[in-house]
Amino acid sequence: MGVSGGYLGSLMVLKKMALVGDAFSHVALPGLALGLLFHFPVFLGAFAVLFVSAVVVWQLGRVTKLSYESIVGATFTLALAIGILMVVNGQLDLLEALFGDITNVTLFDATTAVAISIVAILLTKMIYKKLVLGMISEELAISKGISVSKTDLLYLLLVSLVVATGIKIVGSLLVGFLVAVPAASAKNISSNLLKYSVMSSAFGAISASSGVLLSNYLNLQSGPMVVISGITVFAVTVALRWKAK
Amino acid sequence: MDNDNDYILKVSNLSVRIQNQAILDNVNFKVRRGTTLAVLGPNGAGKTVLFRTLLNLVPYDGKVEWKGKVKIGYVPQNIAVGDIPISVKEFLSFRDASDVPSCLDAVRLDGKDVSGKRLGILSGGQLRRVLIAWALIDNPNVLLFDEPTTGVDIGGEEPILVMLNELKKSKNMTILLITHDVHIVNEYSDYLLALNKCVNFFGESKEIMNPTVQRTLYGETVCVGAPQR
């Protein structure tokens, strides 16, 4: 999850959508509540809601030409409002869904997360250059035969998939970290795209694994420890960047 | 005598509307093979939209006829590199450039020095040259160039224009360039299309020295030539 979050997040940060991943994770709240209410895997509920949201965000972006950040901002608060109403009226305990708990992750969950991460990374690798070119110049991308809006849609769907999978492990409140912080750390010290994407993935993996190990060792919750590890990496890269100037 | 085969592009009755506003209105012109056409006009005159239309990127009414086998290289006015950590080599490899150093050599950039640099830290002139290298990768015979000297300091303008002229001659390239600069029209183009939604003037570039033409374009005479010392 750390690797896929970091890799997909590297594009999120370049698109100046670092906080979109965070907002996206909150969009999943009604899906989580549905899963808990009707006793089906919360991942499926979260993914269904995220999938629909991604399509709505993409379509609104195409039609209104508003930035994804504004659209996700509106969608996110609406989804959160609906989620809270469902939680309160359904008398649910969403603590685990909000904060995640890796100790409750089964072998099946872990295998599914690995499989989904591999698919998400491979598909993102196929569209990585197209997405970057679209960011640099939409005209150049279109003149090269790239459908910028379709590529954006595929990317948003892949982000939904990774976010929905990550919720189980680090929880809805913290999964946004996985797509924002490792990439932001990598950007601080990268001179080219290859280094940047590789380092984003590596920092995601380092944050996730060291956080989980530390949480085991210190007997603390895994989600917050993953975030604390990642922020430590971020602080180091900020210092390195500052030193290099 | 005019022969139809001499022309590589013929545009007839071209109109473009975007969000119900007329951007181009009944535009007619043609471009002779191996020549440079300068497209001149104020901001909002529809120059960039004209290029996007020629690239078939926007819907239009009328006719855009490219004659024979045409390969178009496009250099946009702006790209949003910002702080994207992408090297020159990586950028050019997006177009499957197998030999990046020779692509850069063709635009008089030192391949060894520039290819590993981040696109975002290049000077205006270097960036324009990299964009020209991008456009030249698959040996186009037509180059559409949106404002060749945007973001380039005064000393860097001339070498780019001279290089374009040499490319035109050596590769028998047809060049269409957008400019605000009367000096560029006069020195580096063969034909002039003055645009302000519709065509104000279409003819030989040297006509821009004609006071009557200048009054049509600007309402008054414009000084062209080297400043007096």
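Keep in mind that this is a model prediction, so the values were computed, not measured.

## Some details on the pairing of strand E1 (residues 7-18) of chain B
Residues and elements named next belong to chain B.
Item 1. Strand direction decides the pairing type here: E1 and strand E2 (residues 21-32), joined by eight bridges, are antiparallel. Within E2, the position partnered with Tyr7 by the bridge is Arg32.
Item 2. Linking E1 to E2, which pair antiparallel, is a turn of two residues; within it Gln19 sits at a positive phi near 45 degrees.
Item 3. Summarising the sheet, E1 and strand E4 (residues 61-66) pair through five bridges and their orientation is antiparallel. Pairing of Val11 across the sheet is with Val64, part of E4.

## Points about the sheet that holds E4(B)
All names here are of chain B.
Item 1. Strand order in the open sheet formed by three strands is E2-E1-E4, and the pairing between neighbours is antiparallel. Edge positions in the sheet fall to E2 and E4, since each has one partner strand and no second. Between one strand and the next, the sheet's axes are offset by a mean angle of 15 degrees, whatever the strand orientation.
Item 2. Strands in contact with helix H1 (residues 47-54) are E1, E2 and E4; relative to E1, the strand with the most contacts, it is inclined by about 115 degrees.

## As for the pairing of strand E7 (residues 174-179) of chain B
Residues and elements named next belong to chain B.
Item 1. Among the six residues in E7, six count as buried, and that is most of the element.
Item 2. Burial of the side chains of E7 extends over both faces: Thr174, Leu176 and Ile178 are buried on one face and Ile175, Leu177 and Thr179 on the other.
Item 3. Two strands pair when backbone bridges link them, and strand E3 (residues 36-40) and E7 are joined in this way by five bridges, in the parallel orientation. Counterpart to Ala38 in the pairing with E7 is Leu177.
Item 4. Relative to E7, strand E6 (residues 142-146) runs parallel, the two being bridged by five bridges.

## Examining the nonpolar core
Item 1. In terms of nonpolar packing, the biggest core is built from 136 residues, with Val132(A), Phe91(B), Leu92(B) and Leu119(B) touching the most fellow members.
Item 2. With eleven residues, the top contributor of residues to this core is helix H9 (residues 148-170) of chain A.
Item 3. Excluding residues that lie within four positions of it along the chain, Val132(A) makes contacts with Leu11(A), Leu14(A), Leu193(A), Ile84(B), Ile86(B) and Phe94(B).

## Things to note about the confidence of the model for chain B
Item 1. Within chain B, residue pLDDT values average 83, and 90% of them lie at 70 or more.
Item 2. The ipTM assigned to the predicted complex is 0.78, against a pTM of 0.81.

## Let's talk about the environment of Asn28(B)
All names here are of chain B.
Item 1. Tracing the backbone through its elements, the reader meets Asn28 in strand E2.
Item 2. Taking relative accessible area as the criterion, Asn28 reaches 34% and is therefore assigned partly exposed.
Item 3. C-alpha separation for the pair Asn28 and Leu14, spaced 14 residues apart in sequence, amounts to 6.6 Å.
Item 4. The contact partners of Asn28, leaving out residues within four places of it in the chain, are Val11, Ser12, Asn13 and Val199.
Item 5. In terms of polar contacts, Asn28 uses its side chain to reach the backbone amide nitrogen of Asn13, at 2.6 Å.

## Description of the packing of aromatic side chains
Residue and element names in this part refer to chain B.
Item 1. Taken as a whole and judged by the stated rule, the model has four aromatic pairs over all chains.
Item 2. Ring centres of Phe91 and Trp134 lie 4.6 Å apart, and the angle between their planes is 20 degrees; this geometry places the pair in the stacked category. On the criterion of sequence distance, the pair formed by Phe91 in helix H2 (residues 88-93) and Trp134 in helix H5 (residues 124-136) is long-range, its members being 43 residues apart.
Item 3. The class for Phe91 is buried, based on a relative accessible area of 0%.

Parameters and conventions
- Residues numbered from 1 in each chain as written.
- Chains lettered and ligands numbered in written order.
- Predicted model: local features only at pLDDT ≥ 70, side-chain atom pairs only at ≥ 80, totals over all residues.
- Heavy atoms only, no water.
- Pairing = 2+ DSSP bridges.
- Helix = DSSP H or I, 4+ residues; strand = E, 2+ residues; numbered from the N terminus.
- Axes fitted to C-alpha atoms, helices over the stretch in contact; angles between N-to-C directions.
- Contact = heavy atoms within 4.5 Å.
- Buried < 20%, exposed > 50% of the residue type's maximum accessible area, 1.4 Å probe, protein only.
- Core = buried A, V, L, I, M, F, W, Y, C linked by side-chain atoms within 4.5 Å.
- pLDDT = per-residue confidence, 0-100.
- Polar contact = N/O pair within 3.5 Å; in protein donor to acceptor, adjacent residues only side chain to side chain.
- Phe/Tyr/Trp six-rings, centres within 6.5 Å; stacked < 30°, edge-to-face > 60°.

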